[in-house]
Amino acid sequence: MDDLRLAYQHIIAYLEQHLGDDPIYSWIAEETRRRGLPTIQVTPVQGRLLNLLAQLLNARYILEIGTLSGYSGVWLARAVPPGGKLFTLEINPACVEVARESFSRAGVADRIELHLGPALETLAMLELPDLLDLVFIDADKDNMRSYFDWALERVQSGGLIIVDNVPVVRADIVESDDVRVHAQAAYRFNEHVFARHANWGTLLPFYRPNGDLIDGMLIYRQP
Ligand code: SAH
Ligand code: MG
């Protein structure tokens, strides 16, 4: 395991060195840390993937659940064409405050609607376009399945539902108890997705630079 971790550290260092982008991303990461918020934003590799997929889809309407400080939101919003919109939902006022600043510094505030509150409540009252092109789910894991099932009703054919932090290691080899409990619940979520249709999409494993666990990003394509 230690050799593996060392190898991953080299890979991550290499990627972060070469896949950085303009300084807004490092500003967001630094500001997140400075304010004592969890630095659990997606990695630059994942941010680029989100941006790339949104561009390939010509995504006009994107919904993100779990804004944190706006890191993934900036990657997504930069793919949105004029007239399009990123809706992003966040429960923590301290996060919303940083995210607002991130979006205006990045020059994408005009393309973003940021909503404070528990996502399920916000979704129940928010006025959204009838069909969304992409939904990125990256908030509380207990509601993952509710968010996904909600998205199934709202994402257009050919659109994507992307879910961050789904498990890719067997729950019984995970070390700590809380992670194991989380993983067991989340496995049922994975199975729910795998069972939908044969060509549902894919599940990519990513290393967490700040943790000891490999987790997955699930990419589901609406048939
Ligand atoms: N997408 C972000 C990271 C999100 S971290 C990025 O990659 O940059 C998860 C976020 O979900 C946290 O900021 C947390 O406050 C928020 N969250 C947790 N429960 C929530 C809920 N019920 N409704 C909305 N947001 C929630
Ligand atoms: Mg995440």
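Residues numbered from 1 in each chain as written. Chains lettered and ligands numbered in written order. Predicted model: local features only at pLDDT ≥ 70, side-chain atom pairs only at ≥ 80, totals over all residues. Heavy atoms only, no water.

### A look at the coordination of the magnesium ion (ligand 2)
Within the first shell, the magnesium ion (ligand 2) binds the protein through Asp 138 (OD), Asp 164 (OD) and Asn 165 (OD1), at distances of 2.1 to 2.2 Å. All donors to the magnesium ion (ligand 2) come from one chain, and their sequence spacing reads D-x25-D-N. Note that Asp 138 is positioned in the loop between strand S4 (132–137) and helix H7 (144–154) and Asn 165 in strand S5 (residues 155–167), a separation of 27 residues in sequence. (Donors = N, O, S within 2.8 Å, 3.2 Å for Na, K, Ca; no water. Helix = DSSP H or I, 4+ residues; strand = E, 2+ residues; numbered from the N terminus.)

### A few points about the environment of Phe 103
Positionally, Phe 103 belongs in helix H5 (residues 93–106). A residue is classified by how much of its surface remains accessible, and Phe 103, at 3% relative accessible area, is buried. In this structure the C-alpha to C-alpha distance between Phe 103 and Glu 191, which are 88 residues apart in sequence, comes to 35 Å. Setting aside residues up to four positions removed in sequence, Phe 103 forms contacts with Thr 67, Gly 70, Gly 73, Val 74, Thr 88, Val 108, Ala 109, Ile 112 and Leu 114. (Buried < 20%, exposed > 50% of the residue type's maximum accessible area, 1.4 Å probe, protein only. Contact = heavy atoms within 4.5 Å.)

### Let's talk about the site of ligand 1
Near ligand 1 you find 21 residues, and of these Gly 66, Ser 72, Glu 90, Ala 119 and Asp 138 are the closest. Contact distances for ligand 1 include 3.5 Å between a nitrogen atom and a side-chain N or O atom of Tyr 147. In the shell around ligand 1, the residues fall into eleven nonpolar, six polar and four charged. (Near = heavy atom within 4 Å. Polar contact = N/O pair within 3.5 Å; in protein donor to acceptor, adjacent residues only side chain to side chain. Nonpolar A, V, L, I, M, F, W, Y, C, P; charged D, E, K, R; others polar.)

### Here we look at the side chain of Ser 102
Along the chain, Ser 102 falls in helix H5. When neighbours within four sequence positions are excluded, Ser 102 is seen to be in contact with Ile 24, Trp 27, Ile 28, Ser 69 and Val 74.

### Brief notes about the environment of Asp 21
Structurally, Asp 21 is set in the loop between helix H1 (2–19) and helix H2 (24–34). As a C-alpha pair, Asp 21 and Pro 81 span 60 residues in sequence and 20 Å in three-dimensional space. If we ignore the near neighbours within four places in the chain, the residues touching Asp 21 are Arg 48 and Trp 75.

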